[in-house]
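Residue-level structural notes
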Amino acid sequence: GRGQHFSGRLRMQVKARLFWLFLIFFFCLVNLQAVELTDELSVSYNSYSDNNSNRTATTKISLARKLLQRFGISVDLGVDTITSATPRNAETTAAVKDSSSRRNYARIAGIYDDRINNVVLGGYNSSENDYLGTSYFVNYTRLINLENTALGVGLSQSSDTWRLDGLPGNDRRERDLNFSLTQFLSPGAKVQLGYTSIESRGLLASPYRSLGEGNNTIKEKLPSSRNGNAYAVFFAALLNRPTSAHLKYRYYADNWDIRSHTANLEIYRELFKHAVLGGRYRYYTQTKASFTRDPDQYEPGDSIVAIDQKYSDLASRALGAVFMYEPQWHNKTSLSDIKLKASYDLYRTSGNKFIEKIYGHKNIRADIYSLSLEYLY
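The notes below deal with the structure included here. In this text the structure is predicted, and so the values were computed from the model without any measurement.

1. Comments concerning the overall build of the protein chain
- For the protein chain, the helix and strand inventory stands at four helices and 18 strands.
- For the protein chain, the share of sequence-separated contacts (at least 6 apart) that also reach a separation of at least 24 residues comes to 59%.
- Counting only carbon and sulfur atoms, one obtains 56% of the accessible surface of the protein chain, whose full area is about 19,700 Å².

Listed below in structure tokens is the structure:
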């Protein structure tokens with residue numbers, strides 16, 4: 001039928017080198033937890049810097065290789081360079097010095113795909129001088145209803161270990177269980193529903209956060225368990241031949257009484273042949289945890305001390321632009337061998353007492369840059 005023909009075209013976009021706008025429409029909008037069997041090499045660089053002297057630069061190399069007709073492998077290798085301001089003390093009005101760290105990480109996954117069933121099984125490792133993180137994951141996606149409907153389920157289990165002395169514990173464990181349902185509404189529109197269950201146990205407080213100075217230092221202390229649920233709906237539509245729109249809403253709630261709402265809007269339009277420009281806006285708001293108090297109200301004997309702003313009332317906005325381009329080669333018939341993508345986002349939070357207490361600024365204002373190159377070989 002018509003839906004089966006369109007779905008088949010979507011699954012063969014990389015191999016058949018379909019029109020660039022449909023590539024953007026499919027890969028940028030829909031996440032089925034599935035990974036295509038393809039031969040691809042990509043390099044990406046991401047940069048974050050804010051007004052509180054926090055800076056992160058990430059370089060990642062990814063390689064995907066089809067080994068057999070239905071089997072493949074993907075490998076990601078990356079390095080993060082992180083520079084963070086030391087929180088100000090009682091006598092200063094700003095951060096007093098910088099500290100730097102480096103994080104190395106690797107991810108490897110095996111892929112099985114027989115057009116109807118897609119399975120991704122893999123692991124992840126991340127390490128710093130005083131930290132080690134590992135995780136294992138499996139995702140399964142199945143196409144039904146003439147390949148117009150996709151059902152997905154995923155499970156991941158992670159463990160974080162700190163190699164520091166004097167901690168009440170040194171490990172944290174987290175389990176994520178994901179379900180998704182994606183439905184093609186028409187050849188130019190689709191909707192996805194998602195649900196995620198999150199369970200965290202162990203040392204959930206950061207060993208690096210504290211308030212005060214010297215003998216008056218109060219370290220962060222949080223409950224040792226947390227359960228959360230997230231619900232999401234995503235809609236994508238091709239408005240006309242050169243323009244597509246994407247909407248996403250996510251609601252999160254946990255047993256710490258944190259409730260959050262996230263809304264995303266993205267518009268992509270073809271500028272000229274094989275080049276697309278996009279704009280995006282993200283709004284986020286959350287309530288504070290039931291145990292969070294103002295930073296000046298904590299005392300050394302308190303059993304729970306929530307220092308980070310992510311446990312308090314907070315709102316944020318991000319406005320960004322994305323540019324994607326496939327160079328044209330006069331000596332080749334394929335136009336999808338190389339893809340370039342660049343983006344910039346301006347991020348800003350609402351005023352927050354914890355940000356002001358730690359850094360001396362009322363809010364966070366950040367610039368986020370991203371640049372990537374993909375090569376299909």
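2. Topic: a nonpolar patch on the surface
- A surface patch of nonpolar side chains, amounting to about 630 Å² of accessible area, comprises Leu 41, Val 43, Ile 61, Leu 63, Leu 340, Leu 373, Tyr 375 and Tyr 377.
- Where the nonpolar patch is concerned, the elements lending two or more residues are β1 (40-50), β2 (55-66) and β18 (365-376).
- Relative accessible area serves as the criterion here: at 36%, Leu 373 is assigned to the partly exposed category.

3. Some remarks on the nonpolar core
- Leu 222, Trp 256, Ile 258, Phe 291, Tyr 298, Ala 306 and Tyr 311 are the most contacted members of the largest nonpolar core, which has 25 residues in total.
- Top contributing element to this core by residue count: helix α4 (residues 353-359), with four residues.

4. Observations concerning the environment of Asn 145
- Residue position: Asn 145 is located in the loop between β6 (131-144) and β7 (149-162).
- Owing to a relative accessible area of 47%, Asn 145 belongs among the partly exposed residues under this scheme.

5. A few points about the pattern of salt bridges
- As enumerated under the stated definition, the model contains 16 salt bridges in all.
- Measuring nitrogen to oxygen at the nearest pair gives 3.5 Å for the salt bridge that ties Arg 175 to Glu 199. Here Arg 175 is found in strand β8 (residues 171-186), whereas its partner Glu 199 is found in strand β9 (residues 189-202), with 24 residues between them in sequence.
- When the shortest N-O distance is used, the salt bridge between Glu 220 and Arg 209 registers 2.8 Å. Note that Glu 220 is positioned in the loop between β11 (218-219) and β12 (225-240) and Arg 209 in the loop between β9 and β10 (210-211), a separation of 11 residues in sequence.
- Judged by its relative accessible area of 6%, Glu 220 is buried.
- According to the relative accessible area criterion, Arg 209 is partly exposed, its value standing at 21%.

6. Here we look at the pairing of β9
- Bridge analysis of β8 against β9 gives 14 bridges, and the strand direction is antiparallel. Residue Phe 184 lies in a different strand from β9, and its bridge partner there is Lys 190.
- Adjacent in sequence and paired antiparallel, β8 and β9 are bridged by two residues.

7. Focus on the packing of aromatic side chains
- Tallying each qualifying case throughout the model produces 10 aromatic pairs.
- Judged by centre distance (6.0 Å) and plane angle (65°), the rings of Trp 256 and Tyr 311 are edge-to-face. In this pair, Trp 256 sits in the loop between β13 (243-254) and β14 (259-272) while Tyr 311 sits in the loop between β15 (275-286) and β16 (314-325), placing the two residues 55 residues apart along the sequence. An identical accessibility class is assigned to Trp 256 and Tyr 311; each is buried.

8. As for the pairing of β2
- Direction of pairing for β1 relative to β2: antiparallel, over a ladder of 10 bridges. For Ser 42, the partnering residue across the bridge sits in β2 and is Ser 62.
- Where β1 hands over to β2, the hairpin turn is made up of four residues, of which Ser 53 adopts a positive phi near 65°.

Cut-offs used in this document
Residues take numbers from 1 onward in each chain, read along the sequence in its written order. Note on the predicted model: pLDDT of at least 70 is required for a residue's local features to be given, and 80 or more for side-chain atom pairs to be given and counted; whole-chain, interface and lining totals, by contrast, use all residues. For the side-chain quantities, the full set of heavy atoms in the structure was used; hydrogens and water were omitted. Under the scheme used here, helices are H or I runs from DSSP no shorter than 4 residues and strands are E runs no shorter than 2 residues, and both carry numbers assigned from the N terminus. Contacts were defined at the residue level, with two residues in contact if any of their heavy atoms lie within 4.5 Å. Here the Shrake-Rupley method, with its probe set to 1.4 Å, supplies the accessible areas, and only the displayed protein chains count as covering residues. Surface patches are drawn from residues lacking salt bridges whose relative accessible area is over 30%; two like charges belong together within 9 Å, two nonpolar side chains (Val, Leu, Ile, Met, Phe, Trp, Tyr) within 5 Å. A carboxyl oxygen of Asp or Glu within 4 Å of a side-chain nitrogen of Lys or Arg is what we treat as a salt bridge. Each residue's exposure class comes from its accessible area (1.4 Å probe, protein chains only) as a fraction of the maximum for that residue type: buried when under 20%, exposed when over 50%, partly exposed otherwise. What makes a nonpolar core is a set of buried Ala, Val, Leu, Ile, Met, Phe, Trp, Tyr and Cys residues whose side-chain atoms join them at distances within 4.5 Å. When DSSP finds two or more bridges between a pair of strands, those strands are recorded as paired. Each Phe, Tyr or Trp ring, with Trp reduced to its six-membered ring, pairs with another whose centre is within 6.5 Å; inter-plane angles below 30 degrees give stacked pairs, above 60 give edge-to-face pairs, and intermediate values give tilted ones.

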